[in-house]
Amino acid sequence: MRILFLTHSFNSLTQRLYVELTERGHDISVEFDINDQTTIEAVQLFQPELILAPYLRRAIPAVIWQQHLCLVVHPGIKGDRGPSALDWAILNDVPEWGVTVLQANGEMDAGPIWAAVNFPMRQARKSSLYRHEVTEAAVTAVLQAIERFVQVGYSPEPVDDRPSGASGEWHPVMSQADRRINWSTDDTRTVLRKIHSADGSPGVEDSFFGETHHLYDACAEDTLRGAPGEIIARRHGAVCRATGDGAVWIGHLKKIIPGEKSFKLPAARALQDKLHDVPEVPIPLDMPHACRTYRDIWYEEKNRVGYLHFDFYNGAMSTEQCQRLRAAYLQARQRPTRVIVLMGGSDFWSNGLHLNCIEAADSPADESWRNINAMDDLAQAIITTDSHLTIAALQGNTAAGGVFLALSADHAFARDGVVLNPHYKNMGNLYGSEYWTYLLPRRIGERGREIMENRLPVGAVAAKRAGLINDCFGKSADDFISMVESTAENLANDPAFGLLLAAKRRQRAQDESDKPLAAYRLEELEHLRMNFYGFDPSYHVARYNFVFRISHSWTPLHLAKHRRRVKK
Ligand code: COA
């Protein structure tokens, strides 16, 4: 079926639906919801049988929904209406939430219902719920709606607009006043709910040392205590603030200066010189996870397998994080284990360079250079490991340098729903490093070029089919982790482990004699030097637009297939 995606951006949910529907043979083209005229033009050009709006911020023009079936994905249960659906569900601590696929009819979220799927709520950030529960429910609901659309005679359910009760209701846009934190009286649970309800956008507005900031990336602290509202500790860029009955860590802040654009930074960095009197409180790498606190890198060991977790906010890896992760990896390599599993984080495996930290640096070019070298050092440590077999376990999505970091492991496994973006060019024609020119052809030969050029997301199933990753499995995160654990343990206890390790060493030695790793790195970095320091500013412009979340003013042609046809 020819399906036009009408969306505010090609966000994670849109990408996931794109790979799921493409996998099922549908012909998908994408148009960003920029204004009525471009939308109308896109529909005329593509002549879709169905229009799907996975992530919309503007109403669909009447002339479109009157003539075409337009299905809108709403992150709310049946009857719920309004632009802050998930925010209210988190703030109101509801036990169950859902996704509804509605027909656009001119009244916001009030059209007939084509499908609805509910899920149990988890105490988590809005962005995490969106990337997991909402996305999975949306995929199920959209597939169901499409099935019903092709069924002859199916009529969708009219929305039940009761004001209250089991079904949802209209909720206004959530304001900052609705989620304002009272540090003296709010307990930890309430503070977390408020910050989670606004993560990753718009963030909860609050004051730090007399400055206004938006808060993101919060978690509970079980042991540190202080006077409510006091900043009592910092750790690896996060700050810990006392609540009415305990404390929370805040990982990221966005400083708000009226009339100026700003972006998120690690909290300690955003507060810069204001934290002199706040102690840095370290944490052992292998501290038991039962104790709630802030950690971005941690290590566990079980049955001859070491698990190295790196849960970096938004999957972005700064120079300092890459260096700490490399140090932790080298420590893991010293352990008497046989397999090391690189777990990434639950929301993202890795999205490569930390573009926000780069943007904030005095010299973004120099910081890009430092960051890519730190990524390369990490990738090199993984590639040259001859004491262990290594596994990259992709619980969450991964993009750009993150994908190639995963390919530096001996095996790469992904959760079924994971989306990979194995290309760099969307970031202002960035060439990329992380030894991709060695790692990609090693896995898929010449086909790698096509993947890099296409600049499209690849679902886990397609990535496995292409040979980019070894396998994908697990409907849920828990299923995936337990399957990764049993695979890793089987590998560690395989009677042929010694032979497997010897074969790995032989292959590496052969590859090194064919072309040294250092030569791949040098060549890649030569291209990157041009990206960072050359005359063409595309990378710096693209990074600026990305970091400041500047909306596209047109849909890139690799997504807007209908416009490509016109160009030819
Ligand atoms: N550095 C800093 N922040 C990053 C990041 C990176 N490398 N990758 C993603 N983010 C942030 C986004 O700014 C966004 O921030 P927000 O919480 O303020 O909204 C958040 O992660 C989610 O990203 P978004 O683009 O909205 O999510 P998505 O799931 O729809 O798309 C990607 C994911 C990875 C495809 C897209 O974010 C991307 O292209 N990232 C850049 C990858 C890259 O070029 N890395 C550098 C070269 S190695």
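Residues numbered from 1 in each chain as written. Predicted model: local features only at pLDDT ≥ 70, side-chain atom pairs only at ≥ 80, totals over all residues. Heavy atoms only, no water.

(A) Structural context of the overall build of the protein. Helices and strands together make up the secondary structure of the protein, namely 19 helices and 22 strands. Over its C-alpha trace the protein gives a radius of gyration of 24 Å, about what one expects of a compact globule, namely 24 Å for 568 residues. With the C-alpha coordinates aligned to their principal axes, the bounding extent of the protein is approximately 65 × 65 × 55 Å. The proportion of buried residues among the 568 residues of the protein is 56%. In the protein, the proportion of contacts linking residues at least 24 apart, taken out of those at least 6 apart, comes to 70%. (Helix = DSSP H or I, 4+ residues; strand = E, 2+ residues; numbered from the N terminus. Rg over C-alpha atoms; globule rule 2.2 N^0.38 Å. Buried < 20%, exposed > 50% of the residue type's maximum accessible area, 1.4 Å probe, protein only. Contact = heavy atoms within 4.5 Å.)

(B) Molecular detail of the domain arrangement of the protein. Domain boundaries assigned for the protein yield domain 1 (2-161), domain 2 (178-274) and domain 3 (297-532). Just the C-alpha atoms count here: the centres of domain 1 and domain 2 sit 32 Å apart. In total, about 1,000 Å² of surface goes out of reach between domain 1 and domain 2, with carbon and sulfur atoms giving 47% of it. Connecting domain 1 to domain 2 are 8 residue pairs in polar contact (both at pLDDT 80 or more). Residue assignment for the side of domain 1 that touches domain 2 shows that the elements contributing at least two residues are helix 4 (85-91) and helix 5 (126-150). It is helix 4 that provides the largest number of residues to the side of domain 1 that touches domain 2, a total of 4 residues. For the side of domain 1 that touches domain 2, the per-class residue count stands at 4 nonpolar, 2 polar and 4 charged. (Domains from an automatic or database assignment. Buried area = accessible area lost by both parts, 1.4 Å probe. Polar contact = N/O pair within 3.5 Å; in protein donor to acceptor, adjacent residues only side chain to side chain. Nonpolar A, V, L, I, M, F, W, Y, C, P; charged D, E, K, R; others polar.)

(C) Here's a closer look at the site of the ligand. In the vicinity of the ligand, 21 residues are found, and the nearest of them are S12, K264, N314, L353 and R549. Between the ligand and the protein, one listed contact pairs an oxygen atom with a side-chain N or O atom of K264 at 2.6 Å. Here a nitrogen atom of the ligand and a backbone polar atom of L355 are 3.0 Å apart. Considered on its own, the ligand offers 860 Å² of accessible surface; in the complex 85% of this is hidden by protein. Secondary-structure elements contributing two or more residues to the shell around the ligand are helix 1 (12-23) and helix 9 (355-360). Here the residues of the shell around the ligand are counted per class, giving 8 nonpolar, 10 polar and 3 charged. (Near = heavy atom within 4 Å. Areas by Shrake-Rupley, 256 points an atom, 1.4 Å probe, with all protein chains shown as cover.)

(D) The pattern of salt bridges, seen in detail. Under the definition given, this model contains 43 salt bridges. Connected through salt bridges with shared partners, the residues R16, E20, R24, E136 and R415 form a single ionic network. (Salt bridge = Lys/Arg side-chain N within 4 Å of Asp/Glu carboxyl O.)

(E) Seen up close, the side chain of D109. Within the element layout of this structure, D109 appears in the loop between strand 5 (96-103) and strand 6 (113-120). For the buried residue D109, which engages in no salt bridge, the nearest side chain bearing the opposite charge is R81, 5.7 Å off. Of note is the side chain of D109, whose polar atom sits 3.5 Å from the side chain of H74. If sequence neighbours within four positions are ignored, D109 has contacts with H74, D80, R81, G82, L102 and V159. (Lys, Arg positive; Asp, Glu negative; His and termini not counted.)

(F) Representation of the sheet that holds strand 17 (residues 389-394) within the structure. Read across the sheet, 6 strands follow the order 13-14-15-17-19-22 without closing on themselves; strand pairing throughout is mixed. Unpaired on one side and paired on the other, strand 13 (297-302) and strand 22 (471-473) mark the two borders of the sheet. Across the sheet, the mean angle separating the axes of adjacent strands is 20 degrees when strand polarity is ignored. Inspection of the sheet shows strand 15 (residues 339-344) paired to strand 17 by 4 bridges, in the parallel sense. Counterpart to V341 in the pairing with strand 17 is I391. (Pairing = 2+ DSSP bridges. Axes fitted to C-alpha atoms, helices over the stretch in contact; angles between N-to-C directions.)

(G) Structural detail: the nonpolar core. Membership of the largest hydrophobic core comes to 91 residues, with the highest contact counts inside it found for V239 and I250. It is helix 10 (residues 364-383) that provides the largest number of residues to this core, a total of 9 residues. Taken together, domain 2 (178-274) and domain 3 (297-532) each give at least three residues to this core, which thus spans both. Ignoring anything within four residues of it in the chain, the contact list for V239 reads F208, I231, A233, R234, V248, W249, I250, A267, A268, L271 and L275. (Core = buried A, V, L, I, M, F, W, Y, C linked by side-chain atoms within 4.5 Å.)

(H) Summary view of helix 2 (residues 36-46). For helix 2, the full list of buried residues reads T39, A42, V43 and F46. The buried residues of helix 2 occupy one face: seen down the axis, they fall within an arc of 95 degrees. Those residues of helix 2 that are exposed and angled more than 90 degrees off the buried face are Q37 and Q44. Downstream of helix 2 by a residue or two, Q47 has a phi angle that is positive, lying close to 50 degrees. (Arc of directions from axis to C-beta.)

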